[in-house]
Amino acid sequence: MQNIFEAAFDYLKTTYDSEPKSRPHIGEAMGCWLYFTALAEEIPVLEASLNTTTDDELINLVNKSKNLGEHQMNILKGFMINEGIPLSQASESKPKSDPNSVPLGAKMTDEEIANFISLKIATNIVMCATT
């Protein structure tokens, strides 16, 4: 029976811990800043990708990637502001345009868009895990 009481006590102790938390050290702050910057630069590229493809499946994938990136960026932004870590400058959002009006030499191919998403997901997983 003592293990149950110890577990309950440990839970209450960690839940109601009044000890002040230390601020992130420079390595942690740099990791957050780099991850935030990577997310902030990813969003405009995904928006540009939406302006260059007509493939419905790829458009769905790009929208999911964009929503996930924005969600992660908002969570990280709130954390960084709370911890006093300055935010990096982000590129402006891209306006919506017609994919058929973009010249062939100026737009990304569907394969390039899919490869970009694959690379960004792998990179973001590593950056998120090390932050």
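Just above sits the structure.
Residues numbered from 1 in each chain as written. Predicted model: local features only at pLDDT ≥ 70, side-chain atom pairs only at ≥ 80, totals over all residues. Heavy atoms only, no water.

> Where do I start with the overall build of the protein chain in this structure?
Secondary structure summary: the protein chain contains 4 helices and 0 strands in total. In terms of principal-axis extent, the alpha carbons of the protein chain reach across some 70 × 35 × 20 Å. Looking at the 131 residues of the protein chain, the share that counts as buried comes to 28%. Split by element, the accessible area of the protein chain, about 9300 Å² in all, is 60% carbon and sulfur. A distance of 4 Å separates the average location of the 10 positive side-chain charges in the protein chain from that of its 18 negative side-chain charges. (Helix = DSSP H or I, 4+ residues; strand = E, 2+ residues; numbered from the N terminus. Buried < 20%, exposed > 50% of the residue type's maximum accessible area, 1.4 Å probe, protein only. Areas by Shrake-Rupley, 256 points an atom, 1.4 Å probe, with all protein chains shown as cover. Lys, Arg positive; Asp, Glu negative; His and termini not counted. Charge placed at Lys NZ, Arg CZ, Asp CG, Glu CD.)

> Honestly, the packing of helix 2 (residues 26–50) against helix 4 (residues 110–130) in this entry has me stumped. Any pointers?
Angle between the axes and distance between the axes are the two parameters that describe a pair of packed helices. Running from N to C, helix 2 and helix 4 cross one another at 165°; their axes reach a closest spacing of 11 Å. Our classification of the angle between helix 2 and helix 4 gives roughly antiparallel. For the pair helix 2 and helix 4, the crossing hand works out as left-handed. Along the contact surface, helix 2 presents Leu34, Tyr35, Ala38, Leu39, Glu42, Val45, Leu46 and Ser49, while helix 4 presents Ile113, Phe116, Ile117, Lys120, Asn124, Met127 and Cys128. Partitioning the contact of helix 2 with helix 4 into residue classes produces 11 nonpolar, 2 polar and 2 charged. (Axes fitted to C-alpha atoms, helices over the stretch in contact; angles between N-to-C directions. Parallel < 35°, antiparallel > 145°, perpendicular 65-115°, else oblique. Left-handed = near helix turned anticlockwise from the far one by under 90°. Contact = heavy atoms within 4.5 Å. Nonpolar A, V, L, I, M, F, W, Y, C, P; charged D, E, K, R; others polar.)

> What is the right way to look at the layout of surface pockets in this model?
To locate leftover empty space, one rolls a probe as large as a water molecule over the atoms. Space inside the largest pocket adds up to approximately 180 Å³. Around the largest pocket, the lining residues are Pro24, Glu28, Cys32, Tyr35, Gln72, Ile75, Leu76, Phe79, Cys128 and Thr131. Contributing elements (two or more residues each) for the lining of the largest pocket: helix 2 and helix 3 (56–83). Per-element tally for the lining of the largest pocket: the top contributor is helix 3, with 4 residues. Among the residues making up the lining of the largest pocket, the classes are represented as 7 nonpolar, 2 polar and 1 charged. (1 Å grid on protein atoms, 1.4 Å probe; cavity = no way out; pocket = protein on both sides within 12 Å on 5 of 7 lines; lining within 4 Å. Points joined across faces, edges and corners; volume = space filled by probe spheres on them.)

> Looking at this structure, how should I read the side chain of Asn124?
Secondary-structure assignment places Asn124 in helix 4. In this structure Asn124 comes out as buried when scored by relative accessible area, which is 8%. Within the local environment of Asn124, its side chain forms a polar contact with the side chain of Glu42, the two groups lying 2.8 Å apart. For Asn124, the contacting residues outside a window of four places in its chain are Tyr35, Ala38, Leu39, Glu42 and Gln72. (Polar contact = N/O pair within 3.5 Å; in protein donor to acceptor, adjacent residues only side chain to side chain.)

> Just to check I follow, could you spell out a negative patch on the surface for this structure?
A contiguous patch of negative charge on the surface is contributed by Asp55, Asp56, Glu57, Asp110, Glu111 and Glu112. Going through the elements one at a time, helix 3 and helix 4 are the ones with two or more residues in the negative patch. Sort the elements by how many residues they give to the negative patch and helix 4 lands first, with 3 residues. Here Glu112 is to be found in helix 4. (Patch = residues over 30% accessible without salt bridge, like charges linked within 9 Å, V, L, I, M, F, W, Y side chains within 5 Å. Salt bridge = Lys/Arg side-chain N within 4 Å of Asp/Glu carboxyl O.)

> Hey, could you run me through the pattern of salt bridges in this one?
Two side chains of opposite charge can pair, provided their charged atoms sit close to one another. Counting across every chain of the model gives 2 salt bridges. A salt bridge links Glu47 to Lys66, with the nearest nitrogen and oxygen atoms 3.8 Å apart. Here Glu47, found in helix 2, pairs with Lys66, found in helix 3; they are 19 residues apart in sequence, far enough to count as distant. What makes Glu47 buried here is its relative accessible area of 10%. Linking Glu70 and Lys66 is a salt bridge whose minimum nitrogen-to-oxygen distance equals 3.6 Å. Here the residue Glu70 and the residue Lys66 both occupy positions in helix 3, the gap between them amounting to 4 residues, near one helical turn.

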